[in-house]
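Spelled out, the chains give:
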Amino acid sequence: MDIQGFQGRLIIADQSEYDTARAVWNGAVDRRPQLIARCDGTADVVAAVRFARDHDLEIAVRGGGHNVAGTAVCDDGIVIDLSAMRTVSVDPAGRTVRVQGGALWSDVDHATQAHGLASTGGIVSHTGVAGLTLGGGLGWLMRKYGLAVDNLLAAEVVTADGSVVQASADEHPDLFWALRGGGGNFGIVTSFRFALHRLGPEILAGAVFWAAEDTGEVMRFYRDFIAEAPDELGSVIRLGTIPPWPVVPEHLHWRPAIAVACSYAGAVNDGERVVRSLRRFGTPLVDLVGPTPYVAHQATIDDTVPHGWHYHWKSTNLTGLSDDTISVVADHAYLAGSPRSCVVMFHLGGAVARVPADATAYPGRTVAHNIVIEAVWRPHEAGEHAVTETAWADRFLHALEAHRSTGVYVNFLDADDTTRIQEAYGAPTYRRLTEVKTKYDPDNTFHHNRNIRPA
Ligand SMILES: Cc1cc2nc3c(=O)[nH]c(=O)nc-3n(C[C@H](O)[C@H](O)[C@H](O)COP(=O)(O)OP(=O)(O)OC[C@H]3O[C@@H](n4cnc5c(N)ncnc54)[C@H](O)[C@@H]3O)c2cc1C
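**Here we look at the packing of helix α10 (residues 323-333) against helix α12 (residues 384-399)**
- For the pair α10 and α12, the least separation of the axes is 10 Å and the interaxial angle reads 165 degrees. It follows from the interaxial angle that α10 and α12 lie roughly antiparallel. Regarding α10 and α12, the two cross each other, and that crossing is right-handed. Side by side, α10 and α12 meet where Val328, Val329, His332 and Ala333 of the first sit next to Trp392, Phe396 and Ala399 of the second.
- Residues of the contact of α10 with α12, tallied by class, amount to six nonpolar, one polar and no charged.

See below:
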């Protein structure tokens, strides 16, 4: 098979690298594309899009391959794979960075921290920049510097007809609006340009763990603690077991526990003052907060969510952390069968909430918390574990029904959540996204995603 004008690598089923090339982060996803077109640059992406359209092939687009629903790979069609396009170029004087469409956040952090600069990325460094940004982009720095989309200055996009366009506040502003939250519906982004901020290289960061039995008290304390917290404080609650990290005493490995993980986007001394009361609350099992390189912090939990394990996620926005909500969370969080399953809750607000609702397509500006229930099992545990862990996550979400606000972060939707896409955006944003989709991709060429249908 040949694609005219394509200079990257074409991978088909009888090649030894085919199985590695079709694998995505979620090992439960097992799809067999006809062809994987691993692009070397924008020209290859253009050639692959034109080829796919000429041959009426289903298209999946791969950035970091992290989406839990496995939308980066399709059956039968073509995967337009940007995983070899990971160049990151920093302009330290202008405080901007240009990032190719297949880069991971670890690539960005590595390059930008060499200049003492950073931009909001996800909390796991092997996540792709493209998918995360196009859905919104939550991370440790968001309360201070906004979401990934709030730092996006421009994007180069290959549209459904194979044209290359620039999207920014000045060029194709409608497309630029839609790219900032609307996902991969409008074209293939070959490069992003982000604003950077002074940070690190050392920051105050880490997690404090308490016994699972203390969950209710810890969460009620946390609710009051974050109400007073400055924007510099990014925090995430994690309920599950304590990872078997070398820095944790061995007798605590895999013990059910609640963790509050935090990072401070400012001077280490100031951060120490801000988190003092948190670290002193109750009787922590282990306290891992301390000065740490920002790059290391970004990768702290990477090994708790490795590639190849099987994952099933359920997520929702929450109305707040009422006593009742906390009770439901505490009652369900530790009922998973696997010590690898866990629950993650992001705290938003700050700079995220100060951006007007209609400025970008990211819809959750007023959401203070969301929750991701992560059912996890290893490949050899598929079968019984798949059933019990999946049922736990589904039951947990159901129990939260009375406590959830409408809405869910689109990047946390799993494969069986296709009916929740309109819920993710809400009617006005979804309508506007439909208009932009109709203009830039009227035939719905890019539909192997969290799809917004053209009118
Ligand atoms: C362990 C883990 C941690 C996470 N943590 C966070 C977090 O902290 N914050 C957060 O906001 N999200 C987080 N997420 C969710 C994450 O944002 C999504 O999974 C996102 O889709 C990952 O992007 P990717 O490029 O790796 O995905 P992929 O699976 O490669 O792509 C997903 C979809 O994005 C689109 N896409 C990918 N690349 C391009 C491109 N270049 N141009 C156009 N469309 C493209 C396609 O539609 C594709 O189907 C996390 C996910 C995981 C698995």
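**Section: the site of the ligand**
- Around the ligand, the structure places 35 residues, and the nearest of them are Gly63, Gly65, Thr71, Leu138 and Tyr409.
- Ile123 is positioned with one of its backbone polar atoms (N or O) 2.9 Å from an oxygen atom of the ligand.
- Taken by itself the ligand offers 940 Å² of open surface, and the protein chains cover 97% of this.
- Elements represented by at least two residues in the shell around the ligand include exactly β3 (59-62), α4 (129-135) and β10 (188-195).
- Looking at the shell around the ligand, the element that brings in the most residues is α4, giving four residues.
- Considered class by class, the residues forming the shell around the ligand number 17 nonpolar, 17 polar and one charged.

**Let's talk about helix α8 (residues 268-280)**
- Here α8 spans 18 Å end to end across 13 residues, near enough to the 18 Å set by a 1.5 Å rise per residue.
- At Val274, α8 shows its maximal kink, close to 40 degrees.
- Of the surrounding secondary structure, the elements contacted by the buried residues of α8 are β12 (202-211), α7 (215-227), β13 (233-241), β14 (256-264) and β16 (290-293).
- Looking one or two residues past α8, Gly282 carries a phi angle of roughly 55 degrees, positive in sign.

**Here's the deal with the domain arrangement of the chain**
- When the domains of the chain are assigned, the result is domain 1 (9-81), domain 2 (88-199 + 432-440) and domain 3 (202-416).
- Look at where the C-alpha atoms of domain 1 and domain 3 centre, and you get two points 32 Å apart.
- Taken together, the eight residues of domain 1 in the interface contact twelve residues of domain 3.
- Carbon and sulfur atoms make up 60% of the surface buried where domain 1 meets domain 3, a total of about 860 Å² over both sides.
- Our count for the domain 1 to domain 3 interface comes out at zero salt bridges.
- On inspection of domain 1 and its partner domain 3, the count reaches six residue pairs in polar contact (both at pLDDT 80 or more).

**Describing the sheet that holds strand β1 (residues 9-11)**
- Strand order across the open sheet formed by four strands is β1-β2-β4-β3, with mixed pairing between neighbours. With partners counted over all chains shown, the strands left at the sheet margins are β1 and β3, one partner each. Put simply, the sheet's adjacent strands are angled 20 degrees from each other on average, direction ignored.
- Of the pairings in the sheet, the one linking β3 to strand β4 (residues 78-81) comprises four bridges and is parallel in character. Within β4, the position partnered with Arg62 by the bridge is Asp81.

**As for the packing of α7 against α10**
- The N-to-C vectors of α7 and α10 enclose an angle of 140 degrees; their axes lie 9 Å apart at closest approach. Considering the angle they form, α7 stands oblique to α10. Where α7 crosses over α10, the handedness of that crossing is right-handed. Taking contact as the criterion, the partners of Thr215, Gly216, Met219, Arg220 and Arg223 in α7 are, on α10, Asp323, Ile326, Val329 and Ala330.
- A breakdown of the residues in the contact of α7 with α10 according to their chemical character gives four nonpolar, two polar and three charged.

Parameters and conventions
- Residues numbered from 1 in each chain as written.
- Predicted model: local features only at pLDDT ≥ 70, side-chain atom pairs only at ≥ 80, totals over all residues.
- Heavy atoms only, no water.
- Axes fitted to C-alpha atoms, helices over the stretch in contact; angles between N-to-C directions.
- Helix = DSSP H or I, 4+ residues; strand = E, 2+ residues; numbered from the N terminus.
- Parallel < 35°, antiparallel > 145°, perpendicular 65-115°, else oblique.
- Left-handed = near helix turned anticlockwise from the far one by under 90°.
- Contact = heavy atoms within 4.5 Å.
- Nonpolar A, V, L, I, M, F, W, Y, C, P; charged D, E, K, R; others polar.
- Near = heavy atom within 4 Å.
- Polar contact = N/O pair within 3.5 Å; in protein donor to acceptor, adjacent residues only side chain to side chain.
- Areas by Shrake-Rupley, 256 points an atom, 1.4 Å probe, with all protein chains shown as cover.
- Expected span 1.5 Å × (residues − 1).
- Bend = angle between axes of the 7 residues up to and from the residue.
- Domains from an automatic or database assignment.
- Buried area = accessible area lost by both parts, 1.4 Å probe.
- Salt bridge = Lys/Arg side-chain N within 4 Å of Asp/Glu carboxyl O.
- Pairing = 2+ DSSP bridges.

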